[in-house]
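Examination of the molecular architecture
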Amino acid sequence: METLANNRNQTVEEVKDSPDYNWFRSTVPLKRIIVDDDDSKVWSLYDAGPKSIRCPIMFLPPVSGTAEVFFQQMLALTGWGYRVISLQYPVYWDLMEFCDGFRKLLDHLQLDKVRHCVQSLFPSFPNLPTITDSRGLWAVYKQPTGRFGFYIYIRRHLLLQWKSTTQPSSSLWMSDVHLFGASLGGFLAQKFAEFTCKSPRVQSLILCNSFSDTSIFNQTWTANSFWLMPAFMLKKIVLGNFAKGPVDPEMAGAIDFMVDRLESLNQREIASRLTLNCQNSYVEPHKIKDVAVTIIDVFDQSALSLEAKEEMYKLFPNAKRAHLKTGGNFPYLCRSADVNLYIQHCLNLCIEFTECHMIPLESSSTSPCQHQGVGGYSTPPPSV
């Protein structure tokens with residue numbers, strides 16, 4: 001046990017003091033953005049990669065995570081030429097409030113192709129301003145002519161649908177972003193795709209150790225009381241889901257790194273995340289049936305039960321499945337090489353990334369579909 005503890009402490013130091021992590025912190029600036037009327041709601045994010053790419057992959061952390069926990073993915077994917085945005089969301093107590101705030105963030109980052117669509121349809125109207133309603137359904141454009149002016153009202157999803165029909169090969173008319181969500185982050189990604197189903201903003205979902213129904217935690221009746229609990233009690237609830245017992249050094253380092261990240265969160269941040277994680281809600285799969293879904297899960301111990309994983313498979317029968325033999329709750333930290341290959345493979349399968357930014361898989365003797373160190377990449381068996 002003493003040897004295991006020494007190895008664990010050594011691994012933690014390697015994670016926090018590793019050249020990769022230090023290089024990431026020293027080269028990628030942390031941005032803070034306010035998009036709501038409430039100035040206390042501040043989005044923190046790392047944005048790396050070519051800013052000309054308007055179809056980035058965005059990472060949403062779990063309850064215990066911050067934007068830094070995906071530094072391994074940011075380093076690898078930006079090295080392959082992708083644009084990557086890792087987020088840390090502000091305090092939201094309601095799922096719809098979160099979705100509306102996330103939509104405003106995408107608008108602020110100008111990850112909306114309606115502007116480019118209208119400018120291509122009306123090339124004589126350069127630099128048109130964009131205004132959308134609370135759900136982003138209408139785009140309003142004004143062209144002044146002397147003392148007077150005229151407006152163009154265009155329903156966003158009809159415009160994109162018409163353009164994709166007339167010019168299906170054009171990458172400008174595809175949905176906007178790819179979302180990678182871990183645990184709670186995956187659930188929020190699904191709810192956002194559902195929230196914007198009438199005006200699609202999500203092209204694909206990569207769900208890592210995620211869930212589709214909050215009832216699996218059996219805490220829906222306490223969800224509205226988390227805001228009353230002190231920080232130490234909230235942290236104890238979160239830490240109760242971490243792996244217990246002996247683990248390999250990489251997983252031990254990932255766990256302690258996540259514990260360190262949890263310590264950086266204040267009481268309101270943890271309470272709001274637990275509220276979103278446990279309040280009574282579930283995903284309606286028929287609303288996101290057109291979104292490409294990939295499910296990444298592990299075969300060893302994690303916070304999700306086998307029943308919760310099976311429920312995800314039933315909810316998305318056509319989803320691609322990426323299995324890791326080991327990885328625990330945080331495979332993106334302790335099995336980052338495998339997870340990065342899966343993500344790259346998923347992005348290359350998407351038409352928008354293939355057309356906008358064709359990047360071959362990392363040259364090696366094995367692909368994510370044939371990798372011998374993990375459970376494998378598979379599509380579900382055909383229905384009988």
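Calculation rules
- Residues numbered from 1 in each chain as written.
- Predicted model: local features only at pLDDT ≥ 70, side-chain atom pairs only at ≥ 80, totals over all residues.
- Heavy atoms only, no water.
- Helix = DSSP H or I, 4+ residues; strand = E, 2+ residues; numbered from the N terminus.
- Buried < 20%, exposed > 50% of the residue type's maximum accessible area, 1.4 Å probe, protein only.
- Areas by Shrake-Rupley, 256 points an atom, 1.4 Å probe, with all protein chains shown as cover.
- Core = buried A, V, L, I, M, F, W, Y, C linked by side-chain atoms within 4.5 Å.
- Contact = heavy atoms within 4.5 Å.
- Pairing = 2+ DSSP bridges.
- Right-handed = clockwise from strand over helix to strand, strands pointing away.
- Expected span 1.5 Å × (residues − 1).
- Polar contact = N/O pair within 3.5 Å; in protein donor to acceptor, adjacent residues only side chain to side chain.
- pLDDT = per-residue confidence, 0-100.
- Phe/Tyr/Trp six-rings, centres within 6.5 Å; stacked < 30°, edge-to-face > 60°.
- Salt bridge = Lys/Arg side-chain N within 4 Å of Asp/Glu carboxyl O.
- Axes fitted to C-alpha atoms, helices over the stretch in contact; angles between N-to-C directions.
- Parallel < 35°, antiparallel > 145°, perpendicular 65-115°, else oblique.
- Nonpolar A, V, L, I, M, F, W, Y, C, P; charged D, E, K, R; others polar.

Remarks on the overall build of the chain
Secondary structure assignment for the chain yields 14 helices and 11 strands. Counting all 384 residues of the chain, 53% fall into the buried class. Of the roughly 17500 Å² of accessible surface on the chain, 55% is carried by carbon and sulfur atoms.

Some points on the nonpolar core
Ranked by size, the top nonpolar core spans 100 residues in total, and within it M58, F102, F180, L205, F316 and Y332 carry the most contacts. With seven residues, helix α9 (residues 249-263) is the largest single contributor of residues to this core. Apart from the residues lying within four places of it in its own chain, the contact partners of L205 are L179, A189, Q190, A193, I288, V291, A292, V293 and T294.

Digging into the pairing of strand β8 (residues 202-208)
β8 sits mainly inside the fold: seven of its seven residues count as buried. Sheet topology places strand β7 (residues 177-182) next to β8; six bridges connect them, and they run parallel. Note that in β8 the partner of A182 across the bridge is C208. In this view, the connection linking β7 to its parallel neighbour β8 by way of helix α7 (residues 184-195) has right-handed handedness. In this structure, β8 lies alongside strand β9 (residues 292-298), joined through five bridges in parallel fashion. Directly across from L205, in β9, lies its bridge partner V293.

A look at α9
Because the α-helix completes a turn every 3.6 residues, residues three or four places apart line up on one side. Under the 1.5 Å per step criterion, the end-to-end length of α9 is 21 Å for 15 residues, consistent within 8% with the ideal 21 Å. The backbone nitrogen of E250 lies 3.1 Å from a side-chain oxygen of the residue at the head of α9, namely D248.

Quick notes on the pairing of strand β10 (residues 320-324)
The buried fraction of β10 amounts to four of the five residues, a majority that puts the element mostly inside the structure. In this fold, β9 hands off to helix α11 (residues 306-315), which returns the chain to β10; that crossover is right-handed.

Describing the environment of S86
Structurally, S86 can be placed in strand β4 (residues 84-88). When the C-alpha atoms of S86 and L179 are compared, they prove to be 10.0 Å apart, with 93 residues separating the residues in sequence. Aside from chain neighbours lying at most four places away, what touches S86 is S44, L45, Y46, F59, A67, F70 and M74. A polar atom in the side chain of S86 sits 2.7 Å from the backbone oxygen of A67.

Comments concerning the confidence of the model for the chain
Here the chain shows a mean pLDDT of 78. Residues at 70 or above account for 71%. Taken together, the stretch residues 1-12 has pLDDT below 50 and engages in 11 contacts with residues farther than four places along the chain or on a different chain.

Side note on the packing of aromatic side chains
Scanning the entire structure with this criterion turns up 20 aromatic pairs. Centroid distance Y21 to F257: 5.4 Å. Interplanar angle 85 degrees. Geometry classified as edge-to-face. Here F257 lies in helix α9 and Y21 lies in helix α2 (residues 19-27), a separation of 236 residues in the sequence. Accessibility assignment for this pair places Y21 and F257 in one class, buried. A ring pair is formed by F59 and F70, whose centres lie 5.0 Å apart and whose planes are at 40 degrees; its orientation type is tilted. Here F70 lies in the loop between β3 (57-60) and α3 (71-79) and F59 lies in strand β3, a separation of 11 residues in the sequence. The exposure class assigned to F59 is buried, which follows from its relative accessible area of 0%. For F70, a relative accessible area of 0% puts it in the buried group.

Observations concerning the pattern of salt bridges
Across all of its chains, the model carries 14 salt bridges by this definition. We note a salt bridge from D100 to R103, for which the minimum N-O separation is 3.2 Å. Of the two residues, D100 and R103 are both situated in helix α4 (residues 95-108); the distance of three residues between them amounts to about one turn of the helix. For the pair shown, D100 and R103 are each scored as buried.

A few points about the packing of α4 against α7
Running from N to C, α4 and α7 point in directions that differ by 75 degrees, and their axes come no closer than 10 Å. Taken together, the axes of α4 and α7 are roughly perpendicular relative to one another. For the pair formed by α4 and α7, the contact residues are L95, M96, F98, C99, D100, F102, R103 and L106 on the first element and F187, L188, K191, F192 and F195 on the second. Looking at side-chain class alone, the contact of α4 with α7 contains 10 nonpolar, no polar and three charged residues.

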